[in-house]
Amino acid sequence: GGKNKQLLAQGKDAIEDNGMLAWDPVKKLKLRVPFLTVKVDIYLDEFLPRICELAESSPDRQVKIAACELLHGLVIYMIGNSAFAAKTTKASTESLYHKYYERVFPVMLKLAIDPDPIARDMYTLFCNQIIHWLTNNAHADNPETLALLQSLLDASCDTDAGLRDYGATCICEFVKWSIKQTSRSTDGAQNIKSLLKRLYNLMASSSASKRFGASLVFNRIYQQFREEHTLVDEYAIEILGQLFLSLKMAEADHPSIGTRDQITKAITHITRILSKKANIFLEENHASRRPFIGANEVVALPQLVRWTF
């Protein structure tokens, strides 16, 4: 009744875009403001979509910078609030703010390549710091880390070349710090397994930009990947199979997209890893090693060479 019918005017996307729907039905972003005689709780949840919108696209530079600074402060506040919650349990629990992170991280990545130098400098550094913090997760599949990883992958598969390149650079940093922090936390390598799982989905996607993004990401991270003996042993043959599938699907892509070149480059990298570490792959009795896609018998170099012929 009344004006509610206007909500339904242009379909679901229009409602989401104009900020009618809350990002999270439960208010969580509480700020306690002390006055002389009373402390007032102000909830900033409803302002968050508007703050993101102004930071990203306000024509007034002063408003844009103020929104960028406010968003920066709020994300630090959210991370600070949930800093110790994630470390106390071994199970992967739903974190307090991860629904907000899913919406805010993509905006932050766009701000990190913004034409405005203040926004760019602020968020380039900030995104790196967040990657360093969230890769130190105490257990596998931490929702906040996965929200970050998904945002980085979405950026890497974007049609905007600048954002795509920045997303791939950030994933490289994500992998580097996941490996670096493995000794301190229990499951640093688990982050890389989560990443590979998502890359496989993208490599087999019907969208050319997603396949391009997946191979671009692999070409950025392969140097870190090849140094990790256990990861190479477990995943190299499976990755090669996924890349061949991706190349097969890229047959009909327009050459200007560059999908085939990027995938061929990735295949060259993985074959170089296989030939350099051939002594590992000549052994067949590795229970943890994942087989080639669509050919479960291919788990070692001799079968792989036969398959190739």
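This text follows the structure it describes.
Here the structure is a predicted model, which means the values were calculated and not measured. Position labels on residues start from 1 in each chain and follow its written sequence. A pLDDT threshold of at least 70 governs which residues receive local features in this predicted model, and a stricter bar of 80 or more applies before side-chain atom pairs are shown or counted, although totals over entire chains, interfaces and linings include all residues. With hydrogens and water set aside, each side-chain value is computed from the structure's full complement of heavy atoms.

Colleague: Quick question: what am I supposed to make of the overall build of the protein here?
Modeller: Secondary structure counts use DSSP, requiring at least four H or I residues in a row for a helix and at least two E residues in a row for a strand, with both numbered from the N terminus. Across its full length, the protein holds 14 helices and two strands. The buried label goes to any residue with under 20% of its type's maximum accessible area, the exposed label to any with over 50%, and the partly exposed label to all in between, with areas taken from a 1.4 Å probe on protein chains only. Taken across its 309 residues, the protein has 47% of its residues classed as buried. For the protein, long-range pairs separated by at least 24 residues make up 64% of all intrachain contacts whose partners lie at least 6 apart in sequence. Here the Shrake-Rupley method, with its probe set to 1.4 Å, supplies the accessible areas, and only the displayed protein chains count as covering residues. Approximately 16,200 Å² of the protein is accessible, and the part contributed by carbon and sulfur atoms is 56%. In this analysis, two residues are considered to be in contact whenever any of their non-hydrogen atoms come within 4.5 Å of each other.

Colleague: How should I be thinking about the nonpolar core in this particular structure?
Modeller: Side chains that are nonpolar tend, in soluble globular proteins, to be buried together. Judged by nonpolar contacts, the single largest core of 86 residues is most densely connected at L71, M108 and F225. No other element matches helix α5 (residues 98–112), which puts nine residues into this core. What M108 contacts, discounting residues up to four positions off in sequence, is L71, V75, Y123, F126, C127 and I130. Definition of nonpolar core: a set of buried residues of the types Ala, Val, Leu, Ile, Met, Phe, Trp, Tyr and Cys, connected through side-chain atoms within 4.5 Å.

Colleague: Can you help me understand the packing of aromatic side chains in this one?
Modeller: Each aromatic ring pair is summarised here by two numbers: the centre-to-centre distance and the angle between the ring planes. Only Phe, Tyr and Trp rings take part, Trp by its six-membered ring, and two of them pair if their centres are within 6.5 Å. Stacked means planes under 30 degrees apart, edge-to-face means over 60, and tilted covers everything else. The full count for this structure, using the stated rule, is six aromatic pairs. Between F218 and F225, the ring centres sit 6.1 Å apart and the planes meet at 65 degrees, which makes this aromatic pair edge-to-face. Grouping residues by exposure puts F218 and F225 together as buried. With centroids separated by 4.4 Å and ring planes inclined at 50 degrees, the aromatic side chains of F292 and W307 adopt a geometry described as tilted. Note that F292 is positioned in the loop between α13 (278–281) and α14 (301–308) and W307 in helix α14, a separation of 15 residues in sequence. For F292, a relative accessible area of 2% corresponds to the buried category. The exposure class assigned to W307 is partly exposed, which follows from its relative accessible area of 40%. In this scheme, Lys NZ or Arg CZ marks a charge over a ring once it lies within 6 Å of the ring centre and within 35 degrees of the ring normal. The ring of W177 has K180 lying over it, and the distance from NZ or CZ to the ring centre is 4.3 Å.

Colleague: Is there a simple way to explain the state of the cysteines in this structure?
Modeller: Simply put, disulfide is the name for a covalent bond between the sulfur atoms of two cysteines. Count a disulfide wherever a pair of cysteine sulfur atoms falls within 2.5 Å. Overall, the coordinates contain zero disulfides when judged by the stated rule. No disulfide involves C52; its sulfur sits 9.8 Å from the nearest other cysteine sulfur, which is in C68.

Colleague: What is the right way to look at α5 in this model?
Modeller: Quick reminder: α-helices carry 3.6 residues per turn. Residues three or four places apart thus point the same way. How far a helix is expected to stretch is found by multiplying one less than its residue total by 1.5 Å. Across its 15 residues, α5 extends 20 Å between first and last C-alpha, which sits within 8% of the 21 Å expected from 1.5 Å per residue. One axis fitted to the seven residues ending at a residue, another fitted to the seven starting there: the angle between these axes is the bend at that residue. At V104, α5 shows its largest kink, close to 30 degrees, and the proline P106 lies no more than four residues downstream. The complete set of buried residues in α5 reads H98, Y100, Y101, V104, F105, V107, M108, L109, L111 and A112. Residues of α5 that are buried sit in contact with α2 (48–57), α3 (61–81), α6 (117–134), α7 (143–156) and α8 (161–180).

Colleague: Help me out: how do you make sense of the packing of α5 against α8 in this one?
Modeller: The angle between the axes and the distance between the axes are what describe a pair of packed helices. Relative orientation of the contacting elements α5 and α8 amounts to 110 degrees, with a least axis distance of 10 Å. Taken together, α5 and α8 sit at an angle that is classed as roughly perpendicular. Of the two possible hands of crossing, α5 and α8 adopt the one that is right-handed. The segment α5 lies against α8, with L109, K110 and A112 engaging L163, Y166 and C170. By residue class, the composition of the contact of α5 with α8 is five nonpolar, no polar and one charged. Convention adopted: a line fitted to C-alpha atoms gives each axis, helices being fitted over their contacting stretch, and angles between N-to-C directions are expressed from 0 to 180 degrees. With respect to orientation, any angle under 35 degrees is reported as roughly parallel, any angle over 145 as roughly antiparallel, any angle of 65 to 115 as roughly perpendicular, and every other angle as oblique. Here a crossing is taken to be left-handed if its near helix is turned anticlockwise relative to the far helix by less than a right angle, and right-handed if that turn runs clockwise. Under the scheme applied, nonpolar residues are Ala, Val, Leu, Ile, Met, Phe, Trp, Tyr, Cys and Pro; charged residues are Asp, Glu, Lys and Arg; polar residues are all the others, including Gly.

Colleague: Which parts of the structure should I look at to understand the environment of K39?
Modeller: Positionally, K39 belongs in strand β2 (residues 39–43). Discounting chain neighbours no more than four positions away, the residues touching K39 are R32, V33 and P34.

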